[in-house]
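For reference, the chains in residue letters:
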Amino acid sequence: MFYRCPKCKRVWQYPIEKCPDCFVNLEKVKQKEIRVVAVSRVGIPSVSHPKTPYFVLLLEDENGNKWVQKSAKEYKIGDKIKIEPSQEEKVVAIWIIKYDIPESWERVIELIGGIKPESETRILLLPTLVSPSHPHLGENTSPEFLETAIKYLLEKGVKRENIKVAGQSFNEFPIEISAQKSQLLKICQKEKIEPLNLSEGNFLERDGLKISQKALEADLIINIPRLKIGEARASQNLFKLLDKTNYLAQEYLSTEKEIFEKLKKQLPPVLTVAQADSVQKQDGRIVHMRLTMACLNPLYLDRIFAQITASPLPKILKNVNTEDIRVLGRKIEELEWVF
Ligand SMILES: [Zn+2]
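Quick look at the structure, then. All of these numbers come straight from a predicted model, not from anything done at the bench.

Counting across every chain of the model gives six aromatic pairs. Between F2 and W67, the aromatic rings sit 5.7 Å apart at their centres with planes inclined by 65°, giving edge-to-face as the arrangement. Linking F2 in strand β1 (residues 2-4) with W67 in strand β6 (residues 66-71), this pair joins segments that are 65 residues apart in sequence. Its relative accessible area of 4% is what places F2 among the buried residues. A relative accessible area of 10% means that W67 is categorised as buried. Ring centres 5.4 Å apart and planes at 25° place the aromatic pair F170 and Y247 in the stacked group. Of this pair, F170 sits in the loop between β10 (163-167) and α3 (175-181) while Y247 sits in helix α7 (residues 244-253), and the two are 77 residues apart along the sequence. Classification of Y247 by relative accessible area gives buried; the value is 8%. Grouped by ring-pair contacts, the aromatic residues W105, F145 and Y152 constitute a single cluster. The positively charged end of K70 is found above the aromatic ring belonging to Y54, 4.6 Å away from the centroid. Above the plane of the ring of F170 lies K240, whose end atom (NZ or CZ) is 5.6 Å from the centre.

What follows is the structure, given as structure tokens:
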């Protein structure tokens, strides 16, 4: 993504918002045609790029803007790069955040076929909100990520009053305190979006599950988890749409996977856009992966994340095979790290 000043036509690769000379807002310039103009082959492994050889491509768009990109596949000078989007459930889109989260958001949603909400579409945003901790600790969805989601929907024309941010506490921390410390509440206030504590609303019984009425009434649920290495956070975040007592009882009677499948059948369409820019390891240390991922089924997204991070599979992912999951945007080989 490039940003152009409508007045002096200067172009930046980062979202600096206003032109430093003309003080006007920059406009986004999307790439239509991407061509390879130079290729270099790297044969020496490093911590963040353990797999060799790989290729660094110099790419150019139809406006003459140039940037570099890592590739596991070898290209020749003059090759065109085009990724066909797909709306299949077993497609996981991955994009590396270069300078800004909003660009990666647009990319991953485009890759899984896009969404076309209308002004009246009722959307429920479901961030990870599990502890009263500051954003830099990487425990909850970050305020920037939530704000990106809200702004994306507003730009698409969705009415502010039709967007809700939902959460519920399943642990000892009151959700209000977590919302405040994580600064997610601040974003809701700034963007004038209503935050919902689902535990205060109604739950309707469906196939033995008690599901939040607000979730069942939405036209689209956008699940925006903060991923964590060794966990299936994208899939498990959906359990927050259940009544807590009902969830605990279900967990006692059946496996997480069974609850997940039953719940997903009852819910309106769920789009998952996961935050994996800085993610926690099990010991709480942060790894900077700089990724945004999207999928129509969070189970497949979690499975691919486990593959990238080469971490042991949580129970819920045990029988989810990677063979029939297609990855679009970036290849797994380009992302595998030494953790
Ligand atoms: Zn300017």
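What follows is about the sheet that holds strand β7 (residues 80-81). Strand order across the open sheet formed by four strands is β6-β5-β4-β7, with antiparallel pairing between neighbours. Each edge of the open sheet carries a strand with a single partner, namely β6 and β7. As paired elements, strand β4 (residues 34-42) and β7 share two bridges and run antiparallel to each other. Within β7, the residue paired with I34 across the bridge is I81.

What counts and how
Along every chain, residues carry numbers that run from 1 in the direction the sequence is written. With the structure being a predicted model, the display of local features is reserved for residues of pLDDT at least 70 and the display and counting of side-chain atom pairs for 80 or more, all residues being used for whole-chain, interface and lining totals. Excluding hydrogens and water, the side-chain figures rest on all heavy atoms present in the structure. When the centres of two rings from Phe, Tyr and Trp lie within 6.5 Å, Trp using its six-membered ring, the rings pair. Their planes under 30 degrees apart give stacked, over 60 give edge-to-face, and anything left gives tilted. Only runs of H or I of at least four residues qualify as helices and only runs of E of at least two qualify as strands under DSSP, and these elements are numbered from the N terminus. Each residue is placed in one exposure class: buried if its accessible area under a 1.4 Å probe, protein chains only, is under 20% of its type's maximum, exposed if it is over 50%, and partly exposed if it falls in between. Look at NZ for Lys and CZ for Arg. If either is within 6 Å of the ring centre and within 35 degrees of the ring normal, a charge sits over the ring. Strand pairing follows a simple DSSP-based rule, namely that at least 2 bridges must link the two strands.

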